[in-house]
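Coordinates in review
These are the residues of each chain, in order.
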Amino acid sequence: MGAIQIDSVNVIVRSHYMPLFSRLGQYPMELLDDIAYRQRSLFEYWGHEASLIPVSLYPLFKHRMMDAQPGSRVAQLLKSEPLYVESVFREIQEGGPLVVSGLSDPGQRTGPWWGYSKGKIALEWLFATGRLAIANRRNFARVYDLAERVIDSQHLNAPVLPREEAVRELLRTSIQALGIGTAADIADYYRIRPQLVKKPLSELENDGHLVRVAVEGWNEPAYIRSGVTATDKVEATALLSPFDSLIWKRDRMERLFGFRYRIEIYVPQAARKYGYYVMPFLMGDQLVARVDLKADRLKSTLIVKSAHLEEGQDSGQVTGELAPQLGAMSRWLGLEQVSVDRRGNLSRELTAAMRKQ
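Notes on the structure follow. (Residues numbered from 1 in each chain as written. Predicted model: local features only at pLDDT ≥ 70, side-chain atom pairs only at ≥ 80, totals over all residues. Heavy atoms only, no water.)

**Here we look at the overall build of the chain**
- Across its full length, the chain carries 13 helices and 13 strands.
- For 357 residues, the compact-globule formula gives about 21 Å, and the C-alpha radius of gyration of the chain, at 22 Å, lands near that figure.
- Projected onto its principal axes, the C-alpha coordinates of the chain cover approximately 65 × 55 × 35 Å.
- Buried residues in the chain amount to 50% of all 357 residues.
- Put simply, of all contacts in the chain between residues at least 6 apart along the chain, 59% involve residues at least 24 apart.
- Per element, the accessible surface of the chain, about 18,300 Å² overall, is 48% carbon and sulfur.
- Where the 46 positive side-chain charges of the chain centre and where its 42 negative ones centre are 5 Å apart. (Helix = DSSP H or I, 4+ residues; strand = E, 2+ residues; numbered from the N terminus. Rg over C-alpha atoms; globule rule 2.2 N^0.38 Å. Buried < 20%, exposed > 50% of the residue type's maximum accessible area, 1.4 Å probe, protein only. Contact = heavy atoms within 4.5 Å. Areas by Shrake-Rupley, 256 points an atom, 1.4 Å probe, with all protein chains shown as cover. Lys, Arg positive; Asp, Glu negative; His and termini not counted. Charge placed at Lys NZ, Arg CZ, Asp CG, Glu CD.)

Shown next as structure tokens:
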């Protein structure tokens, strides 16, 4: 994995903790915070949206920091209060790390969701341009500090690579994380503009790092790492967060698994087909079901609000694998039980399977 996406939705647990559970099982959640904010082996930046990224890749993002352009909110702030951004920087420089509310003049929010205050606008601009970095999270709020006090000097002060070389290295990391993908898939991993990847991919292919392949049913050529061999059988079971890197690019997900998936958080409740926070279930090399989950901490219960079986799958086999995964997730979250509601074509059989756990 070359990045873990961060998202504020907390229906089950903050989304950046989930990908490691999907791959490792019941790991101690605090280890991720330790690796990111105390060991500083990961850093926060705009990788694939807001992400935790291996700090060794920090130099590859310097061009993104250097190329950052002020959006309308930043431009308006720079025009209306031209000294404000620098005053925010000096406040952190002299006083140490701060959340936005800790600023002496944070300003007022302009709305409940993304209505940033002027303090938040300034901090995010300083973060985007690499002058500040994220030192920690406090109740999920970003704690900002000077980049040199967060990023190890060997990475912070590494020479700026030529732009094409940096893109090439990011693409190489992307395909290692993806396993296989088209040019568009590989570009999307770190949100690289598609028009920038043709030449670097060709160079990686010519240098023997990547191999171009054809995939049955795909209209575009794909790439894999050189030396990769196929396995006869994949033995894996995992519940996947909507923000898991395996399913970031929905059309790739559909091409790989024949599984059409759309997150319905922002869909009105009456119009939702599967639910609010639906997690695909991976079994072997197929996505075989989807469950809408919620952690009710007051009742110490992991609630399966709906459970749907994909067409052509064996319900008994799926529930036999899904039930232990739900039990493991509830224990990992510190919950005492799993409750299955009646919605969905898999709910009745899943209820019976949970009773056997």
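**Let's talk about the pattern of salt bridges**
- Enumeration over the complete set of coordinates arrives at 23 salt bridges.
- With a shortest N-O distance of 2.3 Å, Arg163 and Asp67 are connected by a salt bridge. Of the two residues, Arg163 sits in helix H8 (residues 163-178) while Asp67 sits in the loop between helix H3 (62-66) and helix H4 (72-80), which places them 96 residues apart along the sequence.
- According to the relative accessible area criterion, Arg163 is partly exposed, its value standing at 40%.
- Each of Glu44, Lys120, Glu124, Arg137 and Arg142 takes part in a single network of salt bridges with overlapping partners. (Salt bridge = Lys/Arg side-chain N within 4 Å of Asp/Glu carboxyl O.)

**Digging into H8**
- Taking 1.5 Å per residue as the helical rise, H8 with its 16 residues ought to reach 22 Å, and the 22 Å between its terminal C-alpha atoms agrees with that figure.
- Along H8, the residues classified as buried are Ala166, Val167, Arg168, Leu170, Leu171, Thr173, Ser174, Ile175 and Leu178.
- Immediately downstream of H8, the backbone of Gly179 shows phi near 90°, a positive value. (Expected span 1.5 Å × (residues − 1).)

**Points about unusual backbone geometry**
- Of note, Phe140 is a non-glycine position whose phi angle comes to about 75°, a positive value.
- Secondary-structure assignment places Phe140 in the loop between strand S4 (132-138) and strand S5 (141-146).
- The phi angle at Ser300 is positive, at roughly 50°, despite the residue not being glycine.
- Accessibility expressed as a relative area gives 12% for Ser300, which makes it buried.

**Comments concerning a positive patch on the surface**
- Taken together, Lys294, Lys299, Lys305 and Arg343 make up a surface patch of like positive charges.
- Within the secondary structure, Lys305 sits in strand S12 (residues 301-309). (Patch = residues over 30% accessible without salt bridge, like charges linked within 9 Å, V, L, I, M, F, W, Y side chains within 5 Å.)

**A word on the side chain of Ser347**
- Here Ser347 lies in helix H13 (residues 347-355).
- With near-sequence residues (within four places) excluded, Ser347 lies in contact with Ala307, Val340, Asp341 and Arg342.

**Some points on helix H11 (residues 250-257)**
- Every buried residue of H11 is listed here: Arg250, Arg252 and Met253. Seen from one end, H11 has its buried residues packed into an arc of 155°, which puts them on one side.
- Those residues of H11 hidden inside the fold are in contact with H8, strand S6 (180-182), helix H9 (183-189), strand S10 (278-283) and strand S11 (286-296).
- The first or second residue beyond H11 is Gly258, which carries a positive phi of 65°. (Arc of directions from axis to C-beta.)

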